[in-house]
Every structure is written in C-alpha cells, then in structure tokens.
Amino acid sequence: MAKINFGGVIEEVVTRNEFPLEKAREVLKDETVAVIGYGVQGPGQALNLRDNGINVIVGQRKDSKTWDKAVADGWEPGKTLFEIEEACERGTVIQYLLSDAGQITLWPTVKKYLTPGKALYFSHGFGITYKERTGIVPPEDVDVILIAPKGSGTSLRRMFLEGRGLNSSYAIFQDATGKAKDRVVALGIAVGSGYLFETTFKREVYSDLTGERGSLMGAIQGIFAAQYEVLRANGHTPSEAFNETVEELTQSLMPLVAENGMDWMYANCSTTAQRGALDWWKKFRDASKPVFEELYTEVAKGNEAQKSIDSNSKADYREKLEEELKELRESEIWQAGAEVRKLRPESA
C-alpha cells in the first residue's frame with residue numbers, strides 16, 4: 001500500500017504499482033466472477049473484467065432488454081451469458097450489481113447459491129448497511145466485499161478504453177476465507193480502478209447517498225436552476241443564461257479543476273472573476289451547509305434509504321420516474337442545453 005498525504009491526513013491507498021494487473025490475474029485465476037445485473041454498473045465492470053483476462057460470466061433474465069444488450073456486447077448465451085440462477089451456481093464470486101430494489105427482490109434466490117467459500121460482491125453499501133430494512137443478511141461462511149467506483153459504469157468503461165482508471169473505494173464486511181483482502185483488491189484493479197481507498201459499507205453508503213443528493217446531482221441541479229431562473233427573470237436570453245450557468249462550467253472550468261484543483265482554476269481566470277469568486281464562495285457554503293447537515297442526518301437515520309425502498313419497489317415506479325425526468329427534460333434550461341450541445345463543434 002502507498003501512504004498518501006491528503007491535505008495533512010495520511011491515508012493508505014492501493015495503486016496499480018503495488019498491485020499490478022498481473023497480480024490481480026494470479027489472485028483470480030481460479031475464480032469465476034458472475035456479474036448479476038446488466039444495468040448501470042454491470043456492463044462496465046463485466047466488460048473491463050473480460051478485457052483484463054478474468055474469467056467472467058453474466059447472469060440476466062432471458063428475453064429482457066438487458067439480456068439483448070449483453071448479447072450485443074458479445075456475451076454468448078450458454079457460454080458466458082446465463083439465466084441468473086445458473087450464473088449464481090457457476091460463480092465463485094457473485095457480483096450483486098442489481099438496483100437496490102432489485103437486490104431486495106432477488107435476495108432469496110441469490111442466497112441459495114452462496115455456498116461456503118464464495119464471495120458476495122457489492123458496489124454499494126445499501127443492502128448490507130440497511131439489512132434490517134432490506135433483509136439482505138449473508139451466510140457467515142462467505143466473504144462479503146465491496147468495490148464502489150466513484151462514477152457511473154459508463155464512465156468506468158470509457159476511462160478504461162482510454163487507458164485511464166476511475167478511482168474506487170473498497171471494503172470488507174466479512175472475511176470468512178481469510179483471503180477477502182486479496183480478492184477485493186484484485187477485483188478492484190481488474191474492473192478498472194485508478195486507485196483504491198479503504199472504507200466501510202456504512203461509510204460508503206452514507207457518503208454516496210449524501211453525494212448523489214448533494215453536490216453530484218441534487219444540489220448542482222438546484223443551483224443550475226436557481227441561477228438560470230434569475231438570469232432569465234432579468235432579461236437574459238436562454239442561450240446566454242445556459243452558457244453562463246452550465247456550459248462554461250462543464251466545458252471550460254471543471255476540466256481545469258479536474259486537472260489541477262480549484263486554486264489553479266481560480267489563478268487562471270480573470271482578476272474580476274477571481275475577486276468575485278473569493279468574495280462569494282463562503283456565502284454559498286454558509287447558505288448550503290445547513291441543508292447538507294440535514295441531508296446527512298436523514299441518510300444516517302435511514303430515512304433516505306426507506307424512501308428509496310418504498311418508491312422503487314412500487315409497480316408504477318418506472319412510469320413515475322419518467323414523469324419526473326420529463327419535467328427536467330422539458331424545462332427551459334435543459335431545452336436550451338439540448339440546442340447548445342447541437343452547436344458544439346463536431347471535433348469537440
């Protein structure tokens with residue numbers, strides 16, 4: 001492990017230098033990794049494992065859209081693509097990558113195939129952390145591990161194909177075999193992680209739910225909408241409002257932050273922008289911090305988890321989700337965004 005100084009806090013992380021792909025292949029040479037679920041994380045992780053030379057199969061419901069997608073991605077029915085129960089039986093590592101609601105529904109089926117010595121792998125701490133609500137309680141004689149890429153499966157795959165890696169957290173909830181650590185780190189490297197940092201199932205789900213509802217998705221949409229609406233109310237055109245709110249941030253400034261940090265981005269903007277940003281950022285922090293504190297409390301209490309379980313398990317969940325997404329999609333800000341994206345140079 002490498003010891004890294006994160007702003008004065010020393011953390012141990014695993015990089016490809018300490019744990020190269022060759023070592024991961026050696027650890028996993030006798031394993032059959034069964035990826036259950038081919039939706040958000042499944043395709044990226046499964047394809048990266050396959051391309052990295054790991055023995056991997058996919059378990060999915062036949063005659064479903066995701067079964068057809070798996071076939072289109074090169075998985076062969078009867079060879080590397082199976083019905084869920086057969087994949088679970090064949091797998092020594094069961095990667096449980098269904099949605100949280102899907103994991104709850106399928107758990108009685110999957111549990112039957114968790115024979116001694118197998119590993120149960122998650123990419124989200126939800127099912128285990130809230131086990132009193134989900135009913136997901138693994139047998140004591142299997143390893144229970146987690147690799148959580150810090151991004152979507154699409155990003156994981158795209159960065160892999162570019163020769164890069166997406167950072168991931170890892171955790172061990174249960175080490176029944178004595179080799180859970182090697183198993184989880186090897187799998188983290190093999191799915192395409194840039195580096196691995198240690199967490200727990202509980203910390204992963206608390207930070208993940210907070211991040212999704214906060215700066216990653218919920219808060220950023222709220223801030224976009226607020227600024228766009230203020231600009232429009234003061235006579236700015238949709239194009240101007242969208243460019244100043246979203247396009248400049250995502251296409252110009254965030255890449256600079258990703259490359260060198262916020263201070264470097266500030267230093268490479270106009271002096272007027274620097275002055276305004278330095279004057280206003282603490283006001284935004286102070287205004288939003290109470291909301292984040294409320295959000296974290298709701299996550300820690302399990303209230304956010306229960307809302308997800310209740311809503312996502314309803315028969316009309318997909319229809320209601322589409323209604324809410326339609327509201328976003330048809331809002332003026334994202335209608336403007338669709339037009340702005342069409343105007344980007346094709347080489348961009």
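For the protein chain, an unreviewed UniProt entry supplies the name Ketol-acid reductoisomerase and the organism Fulvivirga marina. According to the UniProt record, the Cofactor (unreviewed entry) comment for the protein chain reads "Mg(2+)".

**Q** Hey, could you run me through the packing of helix H2 (residues 42-51) against helix H8 (residues 153-161) in this one?
**A** Describing two packed helices takes the angle between their axes plus the distance from one axis to the other. Running from N to C, H2 and H8 cross one another at 25°; their axes reach a closest spacing of 8 Å. When the interaxial angle is binned, H2 and H8 end up roughly parallel. Here H2 contributes Gly-44, Gln-45, Leu-47, Asn-48 and Asp-51 to the contact with H8, which in turn contributes Gly-153, Leu-156, Arg-157 and Phe-160. Among the residues forming the contact of H2 with H8, the class breakdown is three nonpolar, four polar and two charged.

**Q** What should I look at first to understand the side chain of Ser-193 in this one?
**A** Here Ser-193 lies in strand S10 (residues 193-198). Residue class for Ser-193 comes out buried when judged on its relative accessible area of 0%. A distance of 2.8 Å separates a polar atom in the side chain of Ser-193 from a polar atom in the side chain of Ser-168. A distance of 2.7 Å separates a polar atom in the side chain of Ser-193 from the backbone oxygen of Gly-188. With sequence-adjacent residues up to four places away left out, Ser-193 is seen in contact with Arg-16, Ile-147, Gly-165, Leu-166, Ser-168 and Gly-188.

**Q** Help me understand the packing of helix H11 (residues 218-233) against helix H12 (residues 238-260), please; the structure alone is not making it clear to me.
**A** Taken N-terminus to C-terminus, the directions of H11 and H12 make an angle of 150°; their axes are 9 Å apart at the nearest point. One way to sum up the angle between H11 and H12 is to call them roughly antiparallel. Seen along the crossing, H11 lies across H12 with a hand that is right-handed. Contact residues: Ile-220, Phe-224, Gln-227, Tyr-228, Leu-231 and Arg-232 in H11; Pro-238, Ala-241, Phe-242, Glu-244, Thr-245, Val-246 and Leu-249 in H12.

**Q** For this particular structure, what's the right way to read unusual backbone geometry?
**A** Most peptide bonds take the trans form, and the phi angle of most residues other than glycine is negative. A positive phi angle, close to 65°, is found at Asp-63, a residue other than glycine. Given a relative accessible area of 75%, Asp-63 falls into the exposed group.

**Q** Help me understand a nonpolar patch on the surface in this model?
**A** The grouping of Ile-4, Phe-6 and Val-9 at the surface amounts to a nonpolar patch, some 230 Å² of accessible area in total. Mapping Val-9 onto the fold places it in strand S2 (residues 9-15).

**Q** In this structure, what is going on with the nonpolar core? I would like to understand it.
**A** Within soluble globular proteins, side chains that are nonpolar generally end up buried alongside one another. Core analysis: the largest hydrophobic core is formed by 33 residues, its most contacted members being Val-33, Leu-49, Trp-75, Tyr-121 and Leu-187. For this core, the secondary structure elements donating two or more residues are strand S3 (33-36), H2, strand S4 (56-59), helix H3 (65-72), strand S7 (119-122), strand S8 (143-149) and helix H9 (180-190). Here this core takes seven residues from H9, the largest share from any one element. Discounting chain neighbours no more than four positions away, the residues touching Leu-49 are Val-33, Val-35, Ile-54, Val-56, Gln-95, Leu-187, Ala-190 and Val-191.

**Q** Mind showing me how you'd approach the pairing of strand S6 (residues 93-96) here?
**A** Burial along S6 is two-sided: the residues Val-93 and Gln-95 and Ile-94 and Tyr-96 are all buried. Pairing of S3 with S6, which is carried by four bridges, proceeds in the parallel orientation. The residue of S6 that forms the bridge with Ala-34 is Ile-94. When S6 meets S7, the two strands line up parallel, connected through three bridges. The partner of Val-93 across the bridge, within S7, is Ala-119. Viewed along the sheet, the connection from S6 through helix H5 (residues 100-111) into S7 turns out right-handed.

**Q** Explanation requested: the packing of aromatic side chains in the structure shown.
**A** Counting across every chain of the model gives ten aromatic pairs. Ring geometry for Phe-122 against Phe-201: centres 6.0 Å apart, planes inclined by 80°, an arrangement best described as edge-to-face. In this pair, Phe-122 is assigned in strand S7 and Phe-201 in helix H10 (residues 201-213), connecting sequence segments 79 residues apart. For the pair Phe-122 and Phe-201, one class covers both residues: buried. Between Trp-280 and Phe-284, the ring centres sit 6.3 Å apart and the planes meet at 45°, which makes this aromatic pair tilted. Residue Trp-280 and its partner Phe-284 are located together in helix H14 (residues 271-301), separated by four residues, close to a single helical turn.

What counts as what
Residues numbered from 1 in each chain as written. Predicted model: local features only at pLDDT ≥ 70, side-chain atom pairs only at ≥ 80, totals over all residues. Heavy atoms only, no water. UniProt positions renumbered as here; feature names shortened; annotations may be inferred. Axes fitted to C-alpha atoms, helices over the stretch in contact; angles between N-to-C directions. Helix = DSSP H or I, 4+ residues; strand = E, 2+ residues; numbered from the N terminus. Parallel < 35°, antiparallel > 145°, perpendicular 65-115°, else oblique. Contact = heavy atoms within 4.5 Å. Nonpolar A, V, L, I, M, F, W, Y, C, P; charged D, E, K, R; others polar. Buried < 20%, exposed > 50% of the residue type's maximum accessible area, 1.4 Å probe, protein only. Polar contact = N/O pair within 3.5 Å; in protein donor to acceptor, adjacent residues only side chain to side chain. Left-handed = near helix turned anticlockwise from the far one by under 90°. Patch = residues over 30% accessible without salt bridge, like charges linked within 9 Å, V, L, I, M, F, W, Y side chains within 5 Å. Areas by Shrake-Rupley, 256 points an atom, 1.4 Å probe, with all protein chains shown as cover. Salt bridge = Lys/Arg side-chain N within 4 Å of Asp/Glu carboxyl O. Core = buried A, V, L, I, M, F, W, Y, C linked by side-chain atoms within 4.5 Å. Pairing = 2+ DSSP bridges. Right-handed = clockwise from strand over helix to strand, strands pointing away. Phe/Tyr/Trp six-rings, centres within 6.5 Å; stacked < 30°, edge-to-face > 60°.

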